[in-house]
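Spelled out from the first residue to the last, the chains are:
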Amino acid sequence: MSFAPIPKTGIDPGAARLSDYGRARQDFTWAKARALLDGLPGGALNIAHEAIDRHLATPRAEKLALRFIAKNDSVEDFTYRQLAQQTARFANLLRRLGVQRADRVFTLLGRQPALYVAALGTLKAGAVFSPLFSAFGPEPVVARMGKGDGRVLVTTEAFYIRKVAPVRDRLPGLKHVLLVGGRTAKAPPDALDFDAELAASAVDFETVPTRPEDMALLHFTSGTTGKPKGAVHVHEAVVAHNVTGQFALDLHPDDVFWCTADPGWVTGTSYGIIAPLTNGATMIVDEAEFDAERWFRILQEQKVSVWYTAPTAIRMLMKLGVEPIKHYDLSRLRFMASVGEPLNPEAVVWSVKAFGRPFHDNWWQTETGGIMIANYLTMEIRPGSMGKPLPGVEAAVVSKTADGRVEPIAEAGAVGELALRPGWPSMFRAYLDEPERYNKCFADGWYLTGDLAQRDADGYFWFVGRADDVIKSAGHLIGPFEVESALMEHAAVAESAVIGTPDPVAGEIVKAFVVLKAGREPSEALRKDILGHARLRLGPAVSPREIVFHTSLPRTRSGKIMRRLLKARELGLPEGDLSTLESDSR
Ligand code: AMP
């Protein structure tokens, strides 16, 4: 908490979606948030209707809903009406294939229009949408599709051959494969041509009047600390997607919104598809992976006004310094937010220097389905804090009492588990077929998030670490985030991950894995210098005893550092489920 607060400046509170936090919290009810949406006759509610078809009766019908930028820079545009037609075609196609309500439709696609059409068309048809990261290999695919009982898979021929064909005999429930981008003789005989089938389908479809509690989305969590689970979300979740998009991202209909997350991760669905569309904004989708120059160009050329990204990308931009940013006109960019991992205070302060405005960190997880705690536009930012609970969200730091009860800790600054009062619409309704695992997440009227946090006297929440990643050293509870943030303040450090390793005296001691900035070479002198800096910043009880240099850190596909993997390797323990591992450490 050593960084100075960043005051709210230059914002017209009248134009902000959340300008009077206290009042909004007091007045807010989820019923009022529900009333912002249309609904369907008879109390039905369908995400696809709220995201697309609702706009057709308004001038937004002809507005740009989705701009897709291919790797080769070619652009494909969809107005709300065109998106309505394409998704209707897909829903008709599913109906033709005999897909029933609640059947599961999986995608294994890169970020391309078919993925967005399939997602929303599936929901229109009353079926359940489950996106897979396109980089998954056969085992993660079969594990998720098997568990989720996938009936339909939308993929490409190349992905099918590499990732599905080897495991197809283990997927007896998979009845239909739709291949995007055409098919050759190498495709299985029963696979259908997605584009041809879509073209042959009618552009009208009456959206299935799903009940608010009907399953809509199935998200397999990124599993930074364990085996992936299937989190079940229902159509009612759209109430939260919509209103949290307003509160936490300040989405307005005239915004050009870019969420850089892949829909294979919950962020890329809740905020990379649903929230921008329910709010009538224009959303940008880029097929390519991170590339700083490309990203600045997209921000400039597409006149992005609201940008939602993740700490990994922000840290990569930081490595390049502020200079490259100066070459772009980013004057349309008015709000920047970050999610997925703790955003180091250093990164927030840097963003003010680089962009003239801070990144606004917000916190949520697959299970919460939507943003719960946020630095909203009109608040004073305390760098390193996740912000405050959104209206409608009751959050607390809790501990277990001696008799095993879960109770909020009143004292400011105390570390405990972050808990939420159940009842928000996008809360997961189950872990698919794992009721015990689900029930374990709830106690004494709280949902327990598995994260440790602190709440300060002014109600700001501060992330400490995943409960499983926290280090216990000589009686101190050490949050990896605090140590990693201090390491990042050193001029040579680009990023770091810390774990606890066993120590006969202290119980555990802190070990740090450090990636250096471009142009910095590992050396004994630098190691000592970083150790010395950490010791000064953190004190001897908390600072790392050991530092090793890596050129990269192991991450999940959603960009989270896998500390458990570093630890397993360190201790020679089984590495566990690695299906979500994207890049490995060296
Ligand atoms: P996932 O369900 O894969 O999105 O992972 C959710 C987890 O990511 C949370 O429980 C946190 O541990 C972490 N996380 C997400 N956002 C933040 C944030 N803003 N600050 C700190 N940790 C975060």
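Residues numbered from 1 in each chain as written. Predicted model: local features only at pLDDT ≥ 70, side-chain atom pairs only at ≥ 80, totals over all residues. Heavy atoms only, no water.

Before we go on, may I ask you to explain the sheet that holds strand S26 (residues 493-503) in this structure?
Taken in spatial order, the 3 strands line up as S26-S27-S28 in an open sheet, and their pairing is mixed. Both edges of this open sheet fall to S26 and strand S28 (546-550), since each of them pairs with a single strand only. Each neighbouring strand pair of the sheet contributes to a mean axis angle of 25°, computed without reference to strand direction. In the packing of helix H16 (residues 524-538) onto the sheet, the strands contacted are S26, strand S27 (507-516) and S28, and the crossing angle to S28 comes to about 125°. (Pairing = 2+ DSSP bridges. Helix = DSSP H or I, 4+ residues; strand = E, 2+ residues; numbered from the N terminus. Axes fitted to C-alpha atoms, helices over the stretch in contact; angles between N-to-C directions. Contact = heavy atoms within 4.5 Å.)

Can you walk me through the nonpolar core in this structure?
Across soluble globular proteins, nonpolar side chains show a tendency to be buried alongside one another. Phe90, Val154, Leu249 and Tyr308 are the most contacted members of the largest nonpolar core, which totals 133 residues. When near neighbours in sequence (up to four residues on either side) are disregarded, Val154 contacts Phe90, Val105, Phe106, Thr107, Leu108, Leu109, Ala118, Leu178, Val180 and Phe194. Listed in part, the 49 residues of the second largest apolar core include Phe296, Ala313, Ile471 and Leu487. (Core = buried A, V, L, I, M, F, W, Y, C linked by side-chain atoms within 4.5 Å. Buried < 20%, exposed > 50% of the residue type's maximum accessible area, 1.4 Å probe, protein only.)

What exactly am I supposed to notice about the pairing of strand S6 (residues 176-180) here?
The side chains of a regular strand alternate between both faces of the sheet. Among the 5 residues in S6, 5 count as buried, and that is most of the element. Burial along S6 is two-sided: the face carrying His176, Leu178 and Val180 and the face carrying Val177 and Leu179 are both buried. The sheet contact formed by strand S5 (residues 150-156) and S6 spans 5 bridges and is parallel. Across the sheet, residue Leu153 finds its bridge partner in S6, namely Val177.

Sorry, what's going on with the pattern of salt bridges here?
Side chains bearing opposite charge may pair, as long as their charged atoms lie close to each other. Taken as a whole and assessed by the stated rule, the structure comprises 39 salt bridges. Notably, a salt bridge pairs Asp214 with Arg101, separated by 3.2 Å at the nearest N-O pair. Highlighted residues: Asp214 in the loop between helix H8 (194-199) and strand S8 (215-220) and Arg101 in the loop between helix H4 (80-96) and strand S3 (104-108), separated in sequence by 113 residues. Among the ionic pairs, Glu495 bridges to Arg555, the shortest N-O distance being 2.5 Å. Of the two residues, Glu495 sits in strand S26 while Arg555 sits in strand S29 (residues 555-556), which places them 60 residues apart along the sequence. Residue Glu495 shares its accessibility class with Arg555, and that shared class is buried. (Salt bridge = Lys/Arg side-chain N within 4 Å of Asp/Glu carboxyl O.)

Fair warning: the whole summary comes from geometry, so function is off the table for now.
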